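Fold and contact review
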Amino acid sequence: MFHSIHPLDVDVPDIDPDFGAPWLQGVQVIASYVLATALIVLLIMLILAGCSLAFRGLASDRMRTWAGENIMWIFIACAVVGAASGLFQWFVNFDFGF
């Protein structure tokens with residue numbers, strides 16, 4: 001015998017997840033610190049690379065070569081980390097513990 005189960009026959013209880021774990025606040029603060037630090041470091045790298053390419057006397061030939069080869073990668077990293085920070089801020093909200 002074959003018995004078919006109809007969707008109306010199944011009783012699914014309401015599920016209410018509890019996101020109030022005591023350690024979750026600490027993880028959010030650490031993630032906020034990491035994302036903010038990464039953004040600041042990448043912004044400084046982008047400014048240094050841009051300035052070394054824009055002004056010839058500011059940096060050595062080696063620095064200008066490094067900046068020319070890596071400025072696009074730095075810019076892409078800034079965009080990716082900035083997008084991740086924006087999504088994190090939207091979904092979780094930055095919390096620096098102040």
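What counts as what
- Residues numbered from 1 in each chain as written.
- Predicted model: local features only at pLDDT ≥ 70, side-chain atom pairs only at ≥ 80, totals over all residues.
- Heavy atoms only, no water.
- Helix = DSSP H or I, 4+ residues; strand = E, 2+ residues; numbered from the N terminus.
- Buried < 20%, exposed > 50% of the residue type's maximum accessible area, 1.4 Å probe, protein only.
- Contact = heavy atoms within 4.5 Å.
- Core = buried A, V, L, I, M, F, W, Y, C linked by side-chain atoms within 4.5 Å.
- Phe/Tyr/Trp six-rings, centres within 6.5 Å; stacked < 30°, edge-to-face > 60°.

When its secondary structure is counted, the protein shows two helices and zero strands. Here the protein holds 98 residues, and the buried ones make up 15% of them. Intrachain contacts of the protein at a sequence separation of at least 6 include 62% that bridge at least 24 residues.

Let us now look at the nonpolar core. Grouped together as the largest cluster of nonpolar side chains are six residues: L42, A49, A67, I74, C78 and V81. Those elements giving two or more residues to this core turn out to be α1 (24-54) and α2 (61-91). The element best represented in this core is α2, accounting for four residues.

Scanning all chains against the criterion turns up one aromatic pair. An angle of 20° between the planes, with centres 6.1 Å apart, marks the rings of W90 and F91 as stacked. For F91, a relative accessible area of 64% gives the class exposed.

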